[in-house]
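These are the residues of each chain, in order.
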Amino acid sequence: MAGSKLVLEGRVSINSFILGLSVLTIPLIRTVYGRLDWVFDYLTETPGKVAICLYVAVINGLLLLVYRGPLYKVAVRACFLGVTFGCGLIVSFSETTWTHFGWYMCSLSFFHYSEYLVTAIINPRSLSLDSFLLNHSVEYTLAAMSSWLEFTVEKLTVPELKQINWLSFAGLIMVLCGEALRKAAMLTAGSNFNHIVQNEKAQSHVLVTSGVYSYFRHPSYVGWFYWSIGTQVMLCNPVCILGYTVASWRFFRERIEEEELSLIHFFAEDYVEYKKKVPTGLPFISGIRVN
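Residues numbered from 1 in each chain as written. Predicted model: local features only at pLDDT ≥ 70, side-chain atom pairs only at ≥ 80, totals over all residues. Heavy atoms only, no water.

A. Quick look at the overall build of the protein chain. Across its full length, the protein chain holds 11 helices and zero strands. When the elements of the protein chain are put in sequence order from the N terminus, they spell out α-α-α-α-α-α-α-α-α-α-α. Taking 2.2 N^0.38 as the reference for a compact globule, 291 residues should give roughly 19 Å; the C-alpha atoms of the protein chain span a radius of gyration of 21 Å, in line with that estimate. Residue pairs in contact within the protein chain that sit at least 24 positions apart in sequence constitute 77% of those at least 6 positions apart. For the protein chain, the exposed area adds up to about 15,400 Å²; of that, 66% sits on carbon and sulfur atoms. (Helix = DSSP H or I, 4+ residues; strand = E, 2+ residues; numbered from the N terminus. Rg over C-alpha atoms; globule rule 2.2 N^0.38 Å. Contact = heavy atoms within 4.5 Å. Areas by Shrake-Rupley, 256 points an atom, 1.4 Å probe, with all protein chains shown as cover.)

B. Region of interest: the pattern of salt bridges. By the definition in use, this model includes six salt bridges. Arg182 is the salt-bridge partner of Glu115, the closest N and O atoms lying 2.7 Å from each other. Remark: Arg182 occurs in helix 8 (residues 165-189) and Glu115 occurs in helix 6 (residues 99-122); sequence separation between them is 67 residues. You can call Glu115 buried: its relative accessible area is 0%. Overall, Arg182 belongs to the buried group, its relative accessible area being 2%. Across the pair Glu273 and Lys276 runs a salt bridge whose closest N-O atoms are separated by 3.5 Å. (Salt bridge = Lys/Arg side-chain N within 4 Å of Asp/Glu carboxyl O. Buried < 20%, exposed > 50% of the residue type's maximum accessible area, 1.4 Å probe, protein only.)

C. Molecular detail of the packing of aromatic side chains. Enumeration over the complete set of coordinates arrives at 18 aromatic pairs. Here the aromatic rings of Trp98 and Phe151 are separated by 5.5 Å at their centres, their planes lie at 55°, and the arrangement is tilted. Remark: Phe151 occurs in helix 7 (residues 138-157) and Trp98 occurs in the loop between helix 5 (69-92) and helix 6; sequence separation between them is 53 residues. Judged by relative accessible area, which is 27%, Trp98 ranks as partly exposed. Judged by its relative accessible area of 1%, Phe151 is buried. Ring geometry for Phe225 and Phe252: centres 6.5 Å apart, planes at 75°, overall edge-to-face. In this pair, Phe225 sits in helix 9 (residues 219-234) while Phe252 sits in helix 10 (residues 238-267), placing the two residues 27 residues apart along the sequence. (Phe/Tyr/Trp six-rings, centres within 6.5 Å; stacked < 30°, edge-to-face > 60°.)

D. Just the environment of Pro238, in detail. With respect to the helices and strands, the residue Pro238 is situated in helix 10. Leaving out residues up to four positions away in the same chain, Pro238 has contacts with Glu150, Glu154 and Leu161.

E. Structural view of unusual backbone geometry. Even without a glycine there, the phi angle at Leu133 is positive, about 60°. Locating Leu133 in the fold gives a position in the loop between helix 6 and helix 7. One non-glycine residue, Phe284, lies in positive phi territory at about 60°. Tracing the chain through its elements places Phe284 in the segment after helix 11 (269-277). Residue class for Phe284 comes out exposed when judged on its relative accessible area of 81%.

F. Main features of the nonpolar core. Core analysis: the largest hydrophobic core is formed by 66 residues, its most contacted members being Tyr104, Tyr113, Phe132, Tyr213, Trp224, Trp227 and Leu282. Aside from chain neighbours lying at most four places away, what touches Tyr113 is Gly10, Ser13, Ile14, Phe17, Ala78, Leu81 and Phe132. (Core = buried A, V, L, I, M, F, W, Y, C linked by side-chain atoms within 4.5 Å.)

G. Quick peek at helix 8. The end-to-end C-alpha distance of helix 8, which contains 25 residues, comes to 36 Å, matching closely the 36 Å that a straight helix rising 1.5 Å per residue would cover. Every buried residue of helix 8 is accounted for by Ser168, Gly171, Leu172, Val175, Gly178, Glu179, Leu181, Arg182, Lys183, Ala185, Met186 and Ala189. Residues of helix 8 that are buried sit in contact with helix 6 and helix 9. Just downstream of helix 8, Gly190 is the residue with a positive phi angle, here 60°. (Expected span 1.5 Å × (residues − 1).)

Okay, here's the thing in structure tokens:
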């Protein structure tokens, strides 16, 4: 793991995420004048939307005053994720049929923010705006938008489908376990972890086989795989459950084969022996074949 002192960008991201999370003060103020179950109705009506927009505008203005250049870019992204997480909490704890979408908002925003923060902790040299994974790929963005569209359409046309509480809870468990496994993998790998597959071996790069890596060769991918499917189970999105499963499986199959080519090149027989003993952790994916 990197040094004990968190880099400046990491500290800025924490402060900005918390600042965004302060959007929770809006419903707290509102409850002074009414009951908690009125909060969601208030926030989804025009006055509530205006209040949130004004609040976000004020926060953005504050960030512009405090930070400049690259630090502002970090701050505005972390703050946006903090606002999204806070709004997700508001929806989750309001008496509304959108509760499960609130869980989803919290899961998605925390995943992206924690990717950046953990990278800042373990491998600050590789830290960049891309570490948020907000611009992961066009396919990733389209997949997210598809899930929002499916949830909205089905909620309007088949509302009972979105109220299968046991299924949403199972999805939440998948999300929490997947998130925990991925972050455990990142923390265990330390500076050896990178969001981009490396083609050249760094001097400090070592083969990690302890901790969660003693159970799976690619625990970060296993965690992300079940996290992504879990988000759709949580939303009770039947089409996207199937689509995410197929798309994620194909993506990680190709990614693992590409990565293992480099790992065999880096560590030769050591990795081949490790590969024989430990599975990838993903169903029906064995990795690159070695003669």
